[in-house]
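Each chain is listed here by its residues.
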Amino acid sequence: MAEEEGPTIELRQRRKLKSSENKESAKEEKISDTLVPERTPKHVLFQRFAKIFIGCLAAVTSGMMYALYLSAYHERKFWFSNRQELEREITFQGVYELTHNNRTVSLKTINAVQQMSLYPELIASVLYQATGSNEVIEPVYFYIGIVFGLQGIYVTALFVTSWLMSGTWLAGMLTVAWFIINRVDTTRIEYSIPLRENWALPYFACQIAALTGYLKSNLNTYGERFCYLLMSASTYTFMMMWEYSHYLLFLQAISLFLLDSFSLEQSEKVHEVYKIYIFSLFLGYLLQFENSALLVSPLLSLVVALMFAKCLQMFVPHKENGHMLKFLEVKFGLNMTKNFTMNWLLCQESLQAPSQDFFLRLTQSSLLPFYVLVLIICFLSMMQVIFRRINGKSLKETITLEDGRIGGRPEIIYHVIHTILLGSLAMIIEGLKYLWTPYVCMLAAFGVCSPELWMTLFKWLRLRTVHPVLLALILSMAVPTIIGLSLWKEFFPRLMTELMELQEFYDPDTVELMTWIKRQAPVAAVFAGSPQLMGAIKLCTGWMVTSLPLYNDDDLLKRNENIYQIYSKRSAEDIYKILTSYKANYLIVEDAICNEVGTMRGCRVKDLLDIANGHVVCEEGDKLSYSKYGRFCHEVKINYSPYVNYFTRVYWNRSYFVYKINTVISFQS
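The sections below set out a description of the structure shown in this document.

The rules behind each value
- Residues numbered from 1 in each chain as written.
- Predicted model: local features only at pLDDT ≥ 70, side-chain atom pairs only at ≥ 80, totals over all residues.
- Heavy atoms only, no water.
- Helix = DSSP H or I, 4+ residues; strand = E, 2+ residues; numbered from the N terminus.
- Contact = heavy atoms within 4.5 Å.
- Areas by Shrake-Rupley, 256 points an atom, 1.4 Å probe, with all protein chains shown as cover.
- 1 Å grid on protein atoms, 1.4 Å probe; cavity = no way out; pocket = protein on both sides within 12 Å on 5 of 7 lines; lining within 4 Å.
- Points joined across faces, edges and corners; volume = space filled by probe spheres on them.
- Salt bridge = Lys/Arg side-chain N within 4 Å of Asp/Glu carboxyl O.
- Buried < 20%, exposed > 50% of the residue type's maximum accessible area, 1.4 Å probe, protein only.
- Disulfide = S-S within 2.5 Å.
- Axes fitted to C-alpha atoms, helices over the stretch in contact; angles between N-to-C directions.
- Parallel < 35°, antiparallel > 145°, perpendicular 65-115°, else oblique.
- Left-handed = near helix turned anticlockwise from the far one by under 90°.
- Nonpolar A, V, L, I, M, F, W, Y, C, P; charged D, E, K, R; others polar.
- Pairing = 2+ DSSP bridges.
- Polar contact = N/O pair within 3.5 Å; in protein donor to acceptor, adjacent residues only side chain to side chain.
- Arc of directions from axis to C-beta.

Before going further, it helps to spend a moment on the overall build of the protein. Secondary structure assignment for the protein yields 31 helices and seven strands. Expressed as a percentage of contacts within the protein between residues at least 6 apart in sequence, the contacts between residues at least 24 apart total 70%. For the protein, the accessible surface area stands at approximately 34000 Å², while carbon and sulfur atoms represent 61% of it.

Structure (structure tokens):
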């Protein structure tokens with residue numbers, strides 16, 4: 001046994017010595033190249049400069065045009081500039097208040113900046129005051145302008161990433177075209193502007209662009225430093241903007257770990273990225289009011305060490321990851337629960353598997369077929385390179401076009417692994433398609449514009465009738481041009497029609513409710529109702545509420561479930577005790593929830609409450625009711641005892657019924 005270990009150790013030492021010698025020689029060559037640069041002809045320098053200038057101009061123009069398009073589309077869809085401030089707030093659906101106080105949720109002092117992740121709003125408010133914009137533009141327009149500007153940066157970053165991978169800015173143009181055409185599946189900016197992902201994903205796209213450049217083998221020292229600094233800044237900013245960012249970075253870290261295993265030349269760079277993760281996590285922990293979720297995140301566990309993270313979790317309690325694990329267990333059928341909140345989340349459309357319409361839309365824009373083609377070629381080429389390395393076959397350090405080995409480039413390996421991981425999750429949870437589909441646009445555009453990809457395909461087909469290099473160069477220009485012309489012909493008229501068509505936002509019932517609250521309700525009143533409605537009331541009126549649509553706080557989750565009992569089969573006395581325990585003065589019943597007709601079986605709020613409360617038992621498809629009380633939201637509308645003893649109706653319209661919670665209960669027959 002000892003004799004067998006001897007040669008093995010000696011062989012490892014030789015490999016280690018050989019790799020260190022190679023690194024030293026590479027460094028010496030790099031230094032010598034820096035000291036004695038070769039003269040490049042002026043016309044070559046001019047061509048490079050012109051190519052970079054035109055590409056950068058196209059990237060910036062694409063971003064600006066997309067931001068202007070979003071602004072024009074938003075104005076046409078909501079008539080934003082012609083609306084009263086209250087109606088703007090309803091269509092905006094955001095949160096302005098950046099303080100943490102006891103005027104938001106009754107009986108609870110919260111840190112709104114931390115719990116609602118209001119760091120973007122905090123930064124926007126500082127910029128608003130510092131730039132003197134408060135004398136020129138209204139806050140809501142300033143806020144929207146920043147978000148739309150970030151979406152322009154998002155598109156520009158995708159443009160640059162595809163350009164870096166393919167070597168031609170034509171790929172960037174195709175990426176932007178596919179992104180805009182498939183915007184229903186690439187972004188949620190049209191539906192809700194203040195979503196955290198709308199602030200965070202542009203920075204993540206910048207981080208991916210910087211990482212792509214950083215992983216390239218032929219990058220000079222100054223380029224590496226620039227990419228490293230940009231990657232550090234964007235990683236940290238991304239982590240500050242979105243509370244779930246560390247989960248997405250965890251997937252990226254897995255991709256880099258696999259790249260480190262498959263591509264030995266990039267080990268040092270991958271470890272540098274790990275350092276950026278660790279620095280960003282701990283800096284985010286300090287600046288996010290000691291957010292313990294970052295210290296026990298899977299990202300830190302993977303990067304630092306599993307054992308270290310396990311020890312840390314013993315000292316830093318946090319339940320966010322526990323909630324996530326429970327959700328995944330139920331989602332994948334590994335566990336079952338009657339918990340209302342968990343089942344309600346599982347019933348949300350964004351957490352279901354994607355519909356067939358999603359794949360149909362991607363296919364109609366020709367995006368999905370080209371993405372699958374590019375992914376298959378890159379993946380097979382990557383596996384071919386890996387098997388060659390496993391078998392000990394020597395590979396050229398510098399890959400040329402004639403080699404036809406696109407899967408040997410480190411940045412390609414990373415992107416292939418990352419898109420497979422994101423795609424696998426998007427096939428399970430539809431909400432994650434907004435992370436994956438932009439990646440699809442970028443990767444598909446890179447592939448069809450890359451001569452290396454076509455050369456790899458021709459190498460496998462052993463094409464000899466036509467010179468493969470020439471044909472690869474021709475196809476890398478002809479295919480994207482044909483795709484671009486077909487997209488222009490089919491989709492450009494639709495985009496112009498959308499900008500010309502005036503759409504109307506019509507929700508008079510909600511406007512009337514908010515107006516009544518502002519005019520009739522006492523300033524110290526506390527309102528109770530569904531968390532989504534309470535968030536709108538807090539935004540539009542400033543009145544205190546009993547709950548908010550937040551799902552990262554145990555107390556608020558319990559509050560939400562308790563307040564939702566107004567739609568269950570509970571007695572008037574039970575509901576009264578629940579509401580008064582939170583010091584509520586007014587109750588708002590929504591007709592849309594009370595008389596909800598759900599498309600998914602068992603996913604209506606009242607069905608989930610009945611299951612959680614044990615009021616309905618399902619046996620072989622039959623539902624058996626065990627509650628002796630009627631549904632509260634129905635019974636309270638009839639105005640008979642004992643409901644009128646506890647609640648007095650003070651306002652109603654077609655959608656909302658507002659009841660004052662009596663402080664003095666009079667029991668009448």
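Let us now look at empty space enclosed by the protein. Within the structure shown, the criterion is met by five cavities of 30 Å³ or more. Within this model, the largest cavity holds a volume of roughly 120 Å³. Lining of the largest cavity is provided by Y154, L158, T161, L201, F204, A205, I208, Y434, L435, P438, Y439 and M442. Among the elements of the structure, helix 6 (139–166), helix 9 (196–215) and helix 21 (433–448) are those that each provide at least two residues to the lining of the largest cavity.

Glancing now at the pattern of salt bridges. Taken as a whole and assessed by the stated rule, the structure comprises 18 salt bridges. Here R494 ties to E490 by a salt bridge, and the two come within 3.6 Å at their closest N and O atoms. Separated by four residues within a single helix, R494 and E490 lie in helix 23 (residues 468–500), roughly one turn from each other. Relative accessible area serves as the criterion here: at 46%, R494 is assigned to the partly exposed category. Given a relative accessible area of 38%, E490 falls into the partly exposed group.

Two cysteines whose sulfur atoms are joined by a covalent bond form what is called a disulfide. All told, the structure shown has two disulfides when counted by the stated rule. There is a disulfide in this structure between C347 and C603, and the S-S distance comes to 2.0 Å. Between C347 and C603, the S-S dihedral sits near -75°, and the bridge is therefore left-handed. With C347 in the loop between helix 17 (340–346) and helix 18 (356–364) and C603 in the loop between helix 28 (591–594) and helix 29 (605–613), this pair connects stretches of sequence that are 256 residues apart. One disulfide in the model links C594 with C633; its S-S distance is 2.1 Å. Handedness of the C594-C633 disulfide follows from its S-S torsion of about 85°: it is right-handed. Of this pair, C594 sits in helix 28 while C633 sits in helix 30 (residues 632–635), and the two are 39 residues apart along the sequence. Each member of the pair, C594 together with C633, is buried. Each disulfide of the protein joins two cysteines, and with those cysteines numbered along the sequence the arrangement is 1-3, 2-4.

So, on to the packing of helix 22 (residues 451–461) against helix 23. It is at 8 Å that the axes of helix 22 and helix 23 come closest, and there the two elements cross at 130°. Viewed along their axes, helix 22 and helix 23 adopt a mutual orientation that is oblique. Seen from above, helix 22 lies across helix 23 with right-handed handedness. Contact residues: helix 22 offers P451, W454, M455 and F458, while helix 23 offers P468, V469, L471, A472, L473, L475, S476 and V479. When grouped by side-chain class, the residues that make up the contact of helix 22 with helix 23 number 11 nonpolar, one polar and no charged.

Pairing is mixed across the open sheet formed by five strands, whose spatial order is 2-1-3-7-6. Among the strands making up the open sheet, the edge pair consists of strand 2 (544–545) and strand 6 (647–652). The sheet contact formed by strand 3 (residues 586–590) and strand 7 (residues 656–661) spans five bridges and is antiparallel. Looking at the pairing, I588 lines up with V658 of strand 7. Helix 25 (residues 531–541) contacts strand 1 (526–528), strand 2, strand 3 and strand 7 of the sheet and is inclined by roughly 125° relative to strand 3.

Once that is clear, we can look at the environment of E138. On the secondary structure map, E138 appears in the loop between helix 5 (119–130) and helix 6. Residue classification places E138 among the partly exposed residues on the basis of a relative accessible area of 39%. Taking the C-alpha atoms as reference points, E138 and Y128, 10 residues apart in sequence, are found 9.6 Å from one another.

Attention now goes to the side chain of S166. With respect to the helices, strands and loops of the structure, S166 is situated in helix 6. Of the residues examined, S166 reaches a relative accessible area of 11% and is grouped as buried. Separated by 2.9 Å, the side chain of S166 and the backbone oxygen of S162 make a polar contact. Polar contacts involving the side chain of S166 include one to the main-chain carbonyl oxygen of T168, which spans 3.2 Å. Leaving out residues up to four positions away in the same chain, S166 has contacts with A171, F446, C449, S450 and P451.

What follows covers helix 27 (residues 572–581). Where helix 27 is concerned, the buried positions are A572, I575, Y576, I578 and L579. Take helix 27 and look down its axis: the buried residues cluster within an arc of 165°, on one side only. Directly beyond the C-terminal end of helix 27, a positive phi value near 60° is found at K583.

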